[in-house]
Amino acid sequence: MGQPVREYLLTLCVTVAVTYLLTGPVRKFAIAVGAMPEIRARDVHREPTPRLGGIAMFGGLCAGLLVADHLQNLNGVFEKSNEPRALLSGAALIWLIGVLDDKFELDALIKLGAQMISAGVMCMQGLTILWIPIPGIGTVSLTPWQGNLLTVALVVITINAVNFVDGLDGLAAGMVCIATCAFFLYAYRIWFGYGIEAAAPATLFAAILMGMCLGFLPHNMHPARIFMGDSGSMLIGLVLAAAAISVTGQVDPDAMALFVGGERNATHAMLPVFIPLILPLTIIAIPMTDLVLAIVRRTWKGQSPFAADRGHLHHRLLELGHSHSRAVLIMYFWSGLIAFGTVAYSVHSASMWIVLAIAGLSAVGLLLLLLPRFSPRAPRWAERLVPPRYRHAERAAEAALQDDSAAEPEPARPIAAGVSGVNGATAIGPRSRFPDRRKAGSSR
């Protein structure tokens, strides 16, 4: 066990380092080429910020695959499977479209077509769903057309789910990193615990995806110095979908059967173990929820499902009164709870403590979510004695208006030359932030 873990750790560290080191030059390049769009109505940042962070993330992906190809244990993934090459081909195509979109703002239908083509490229090279486990029925083999259509649908949904949630600094990269960490633990358990070699590509993809997100996050945390843009969000969405497809469609559930009595009984009895296999999108449940709500909301208003608005989950958190950083941390919390809770339940479904822990943490998450509603408010007789943030909204607004109307400019009083006034003011005016310390006759 030690050797594969060290090789995965080495691959992870190389991916983190390359992504982190490339992000700085990429930021300067984005500024030079003008990949700094103007502030839009739905944006929450206040200054134009360069995009194209996906260039650095793609560099980390290539570096991770290159290093893994030269390691003793991980080299077998490239020799026995064509999935890494399929991933690289699809990732290169979707990344190129993302770079063009970050610079020239491509139409939504063009991006949708590129996503479908990228998924098709991966299907043509073998990264597709071959069978799916269905509770009560067993393993169902899919025809090539069925597998390809299901693969394309999964890739497109995952890419857009990640793209939709990319609205706050560090949100998309952090949520995908948390979900991928849980997914890595499950895929590694299938590969090393059950000895199923078909799970090795998904484990490698998860390790590399974690490295891409971790290397980019220091530059993207609030206040962000660079955005990943569509070149980054679509890229990590495709890699995450490829990892899920690799496990769901390539690993035969019969190889994990721990019960006797027929395939149907084995599959039904191991339903908790198959949860991440049957529903791989549970690891991005929050982005998926945001995606579904956005489509319903925009369609109900008669708009295009791809029309941008300020109704996403992270926008609603800001409207509730959460700060930028706290809204991101709350989304991190729910993403980790769902991802790690699903994996823990799939491993130890008979333990009631896991269910109780998930329920307890869910209650904590709801409390944090509604925390601004429970902020303390002073009684009405004491509102004038406390800061405005502790007053009722109407009273605070009235007090602010009264304070503004009551504040009248005082008549200027003569001040002797050379005597400083209150708060650093002088006879001429307020003191400069950077006073001129040069004296007469000095050479500087």
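Everything numeric here is computed off the predicted structure, so don't read it as measured data.

### Topic: the overall build of the protein chain
Across its full length, the protein chain holds 16 helices and two strands. Scored against the burial criterion, the 444 residues of the protein chain give a buried share of 44%.

### Quick word on the environment of Cys123
Position of Cys123 among the secondary structure elements: in helix H5 (residues 108-124). Look at Cys123 and you get buried, because its relative accessible area is 12%. Along the chain, Cys123 and Leu87 lie 36 residues apart, while their C-alpha atoms are 9.7 Å from each other. Residues in contact with Cys123, not counting those within four places in the same chain, are Thr128, Asn148, Thr151 and Val152.

### So, the pattern of salt bridges
Taken as a whole and assessed by the stated rule, the structure comprises three salt bridges. For the salt bridge of Arg51 with Glu105, the shortest nitrogen-to-oxygen distance reads 3.2 Å. Highlighted residues: Arg51 in the loop between helix H1 (2-33) and helix H2 (54-69) and Glu105 in the loop between helix H4 (83-104) and H5, separated in sequence by 54 residues. By relative accessible area, Arg51 is classed as buried at 9%. Residue Asp230 is joined to Lys111 by a salt bridge in which the shortest nitrogen-to-oxygen separation is 2.9 Å. In this pair, Asp230 is assigned in helix H9 (residues 229-250) and Lys111 in helix H5, connecting sequence segments 119 residues apart. Side by side, Asp230 and Lys111 carry an identical accessibility label, which is buried. Linked by salt bridges that have partners in common, Asp101, Lys111 and Asp230 make up one network.

### Considering the side chain of Lys111
The class of Lys111 is buried, set by a relative accessible area of 15%. At a separation of 2.9 Å, a polar atom in the side chain of Lys111 contacts the side chain of Asp230. When sequence neighbours within four positions are dropped, the list of residues in contact with Lys111 reads Ile97, Asp101, Leu106 and Asp230.

### Focus on the environment of Cys213
Along the chain, the position of Cys213 falls in helix H8 (residues 200-220). Put simply, Cys213 and Val176 are 37 residues apart on the chain and 7.5 Å apart in space, counted from C-alpha to C-alpha. Sequence-distant contacts of Cys213, defined by excluding residues within four places in its chain, comprise Met57, Ala173, Val176, Cys177 and Ile236.

### Describing the packing of helix H7 (residues 171-194) against H8
Two elements in contact, H7 and H8, have axes separated by 8 Å at closest approach and are oriented at 155 degrees. What the angle tells us is that H7 and H8 run roughly antiparallel. Handedness of the crossing formed by H7 with H8: left-handed. Note on element contacts: H8 touches H7 through Ala200, Ala202, Thr203, Ala206, Ala207, Leu209, Met210, Cys213, Leu214 and Leu217, opposite Ala173, Gly174, Val176, Cys177, Thr180, Cys181, Phe183, Phe184, Ala187, Tyr188 and Trp191. For the contact of H7 with H8, the per-class residue count stands at 18 nonpolar, three polar and no charged.

### What about the environment of Glu83?
Tracing the backbone shows Glu83 in helix H4. By relative accessible area, which is 5% here, Glu83 ends up buried. The sequence separation of Glu83 and Gly126 amounts to 43 residues, and the corresponding C-alpha distance is 6.5 Å. Leaving out residues up to four positions away in the same chain, Glu83 has contacts with Leu127, Pro201, Phe205, Ser246 and Gln250.

Criteria and thresholds
Residues numbered from 1 in each chain as written. Predicted model: local features only at pLDDT ≥ 70, side-chain atom pairs only at ≥ 80, totals over all residues. Heavy atoms only, no water. Helix = DSSP H or I, 4+ residues; strand = E, 2+ residues; numbered from the N terminus. Buried < 20%, exposed > 50% of the residue type's maximum accessible area, 1.4 Å probe, protein only. Contact = heavy atoms within 4.5 Å. Salt bridge = Lys/Arg side-chain N within 4 Å of Asp/Glu carboxyl O. Polar contact = N/O pair within 3.5 Å; in protein donor to acceptor, adjacent residues only side chain to side chain. Axes fitted to C-alpha atoms, helices over the stretch in contact; angles between N-to-C directions. Parallel < 35°, antiparallel > 145°, perpendicular 65-115°, else oblique. Left-handed = near helix turned anticlockwise from the far one by under 90°. Nonpolar A, V, L, I, M, F, W, Y, C, P; charged D, E, K, R; others polar.

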